[in-house]
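# Structural overview for review
One-letter residues, chain by chain:
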Amino acid sequence: MKYIRRFLSFVASRMVLLSIVVALLILAFYLAMNTANIYILLNDGMTARTSVILTRQNADELINYFTNDFLLSDETLNIGLSDASPYIDYNITDFNYKLSLEWVWAWPWENSATATIVERVPKISGSVLKEKSDLVKDGTLSATPPAWYGGRYTVKLVRLEGSWKIDKLIQTQLIIEEPTAEPAPASPAPQ
């Protein structure tokens, strides 16, 4: 009887240990899955938001990434879609969007998450609309689109019907992209 009790105690302790290890592995899997889903959502959603602000096209696709409340209250998006947009006089053909995820936390059993991101748009390609070319000649308007005001943001996300959506975007630091200087051509070697 003594040996059976020891054996059962050994098996029970190993089962508890195995259960803890399996639970930690499942928790790590769901944390990693949520983190990956949130990163993809943030990258695609913020890129789409920037594209809408710059080009004023495909605004209806933002509902895939953002909650209705966010879309109605986003001041930058509302300015970008209005006549006060700094990009309204330009035909934007391309832009380089960079997003880095600094921190994210989403418990598998909760329907909310928080992330910290840094957004930058180092390059915006475009030209002045033809009907606005006179404004460039008299110096009222720049020939190139204005720089993007990126920044560091705290992002609140919610899970609605199994999908993550961006609910709040709070800017904590402003980052103004400075145009990069082109390197000077190399001078020919003396002969």
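In this text the structure is predicted, and so the values were computed from the model without any measurement.

## Here we look at the layout of surface pockets
Counted as a void, the largest pocket has a volume near 410 Å³. For the lining of the largest pocket, the elements supplying multiple residues, two or more each, are α1 (2-55), α2 (68-73), α3 (75-80), β3 (149-160) and β4 (163-176). Sorting elements by how many residues they give to the lining of the largest pocket places β4 first, with six residues. Residues of the lining of the largest pocket, tallied by class, amount to eleven nonpolar, four polar and seven charged.

## Looking at the environment of Ile 176
By secondary structure assignment, the location of Ile 176 is in strand β4. Sequence-wise, Ile 176 and Pro 122 are 54 residues apart; in three dimensions their C-alpha atoms are separated by 9.1 Å. The contacts of Ile 176, once residues within four sequence positions are left out, are Trp 148 and Tyr 149.

## Observations concerning the pattern of salt bridges
Under the defined criterion, the tally for this structure stands at three salt bridges. Note that Arg 49 is salt-bridged to Asp 74, the shortest N-O span being 2.7 Å. One end of the pair, Arg 49, is in helix α1; the other, Asp 74, is in the loop between α2 and α3, with 25 residues separating them in the sequence. For the pair formed by Arg 49 and Asp 74, the shared burial category is buried. With a shortest N-O distance of 2.8 Å, Glu 102 and Arg 152 are connected by a salt bridge. Placement of the pair is Glu 102 in strand β1 (residues 90-105) and Arg 152 in strand β3, with a sequence separation of 50 residues. Accessibility expressed as a relative area gives 42% for Glu 102, which makes it partly exposed. Exposure remark for Arg 152: the relative accessible area of 25% places this residue in the partly exposed category.

## Considering the packing of aromatic side chains
Each aromatic ring pair is summarised here by two numbers: the centre-to-centre distance and the angle between the ring planes. Applying the stated rule across the entire model yields five aromatic pairs. Note on Phe 29 and Tyr 30: the rings are 5.3 Å apart at their centroids and 75° apart in plane angle, and the pair reads as edge-to-face. Taken together, the ring pairs connect Trp 105, Trp 107 and Trp 109 into an aromatic cluster.

## Quick look at the side chain of Arg 159
Locating Arg 159 in the fold gives a position in strand β3. The charged side chain of Arg 159 is buried without a salt bridge, its nearest counter-charge being Glu 110 at 8.0 Å. At 3.3 Å, the side chain of Arg 159 forms a polar contact with the backbone oxygen of Pro 108. Contact partners of Arg 159, with chain neighbours within four places excluded, come to Asn 34, Trp 107, Pro 108, Glu 110, Asn 111 and Trp 164.

Parameters at a glance
Residues numbered from 1 in each chain as written. Predicted model: local features only at pLDDT ≥ 70, side-chain atom pairs only at ≥ 80, totals over all residues. Heavy atoms only, no water. 1 Å grid on protein atoms, 1.4 Å probe; cavity = no way out; pocket = protein on both sides within 12 Å on 5 of 7 lines; lining within 4 Å. Points joined across faces, edges and corners; volume = space filled by probe spheres on them. Helix = DSSP H or I, 4+ residues; strand = E, 2+ residues; numbered from the N terminus. Nonpolar A, V, L, I, M, F, W, Y, C, P; charged D, E, K, R; others polar. Contact = heavy atoms within 4.5 Å. Salt bridge = Lys/Arg side-chain N within 4 Å of Asp/Glu carboxyl O. Buried < 20%, exposed > 50% of the residue type's maximum accessible area, 1.4 Å probe, protein only. Phe/Tyr/Trp six-rings, centres within 6.5 Å; stacked < 30°, edge-to-face > 60°. Lys, Arg positive; Asp, Glu negative; His and termini not counted. Polar contact = N/O pair within 3.5 Å; in protein donor to acceptor, adjacent residues only side chain to side chain.

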